[in-house]
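Spelled out, the chains give:
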Amino acid sequence: MRNLSLILFILIFTFLSVPAFAGQGALKLPEGSNANAIKHNKEGIFNYKQGYYEDALKHFQMASKVDSSVGESHYNEALCLDKLEKHGEATNHFYKARKYAKGNSTILESKILNAHSPVKREGS
């Protein structure tokens with residue numbers, strides 16, 4: 001019973017603290033990315049900054065559809081999904097963002113990403 005209480009406390013604390021990290025902004029796509037993806041990403045960033053997360057998400061999804069191997073697109077999608085309280089979907093995109101980060105420290109060291117998708121330890 002005691003272990004169950006501890007697990008519940010940890011889960012509640014984790015889910016309550018995740019939105020606190022969401023202050024990080026959406027990211028630009030790396031140089032050399034597809035021009036259409038860059039266009040949608042810029043529109044997404046504009047909408048994200050205005051607080052129009054549904055509209056921003058649509059643009060980030062289009063950018064990701066054009067080139068699904070860009071970590072920044074998945075990261076931006078995940079930020080919107082987090083803002084829309086779709087944490088399961090956000091977690092999936094944070095894992096993809098890490099997978100395709102290509103060394104981008106902003107993604108790899110992101111507190112919100114690491115809260116949603118902790119790095120799995122060997123043997124776990």
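Residues numbered from 1 in each chain as written. Predicted model: local features only at pLDDT ≥ 70, side-chain atom pairs only at ≥ 80, totals over all residues. Heavy atoms only, no water.

Q: Is there a simple way to explain the confidence of the model for the protein chain in this structure?
A: It should be kept in mind that the predicted coordinates are not to be read in detail where pLDDT is low. Scored by pLDDT, the protein chain has a mean of 86; 78% of the residues are at 70 or more. Helix 1 (residues 2-17) is the least confidently modelled element of the protein chain, averaging 56 in pLDDT, while helix 3 (residues 53-66) averages 98, the highest of any element. Segment residues 16-22 is flagged for pLDDT under 50; beyond a separation of four residues in sequence, or across chains, it makes 12 contacts in the model. (pLDDT = per-residue confidence, 0-100. Helix = DSSP H or I, 4+ residues; strand = E, 2+ residues; numbered from the N terminus. Contact = heavy atoms within 4.5 Å.)

Q: Can you walk me through the environment of Leu108 in this structure?
A: Its place among the elements puts Leu108 in helix 6 (residues 105-108). For Leu108, a relative accessible area of 35% corresponds to the partly exposed category. Ignoring anything within four residues of it in the chain, the contact list for Leu108 reads Arg98, Ala101, Gly103 and Asn114. (Buried < 20%, exposed > 50% of the residue type's maximum accessible area, 1.4 Å probe, protein only.)

Q: Looking at this model, I keep getting lost on unusual backbone geometry. Mind explaining?
A: A negative phi angle is the norm for most residues apart from glycine, just as the trans form is the norm for most peptide bonds. Phi at Glu85 is positive, roughly 60°, even though this residue is not glycine. Along the polypeptide, Glu85 turns up in the loop between helix 4 (71-83) and helix 5 (87-99).

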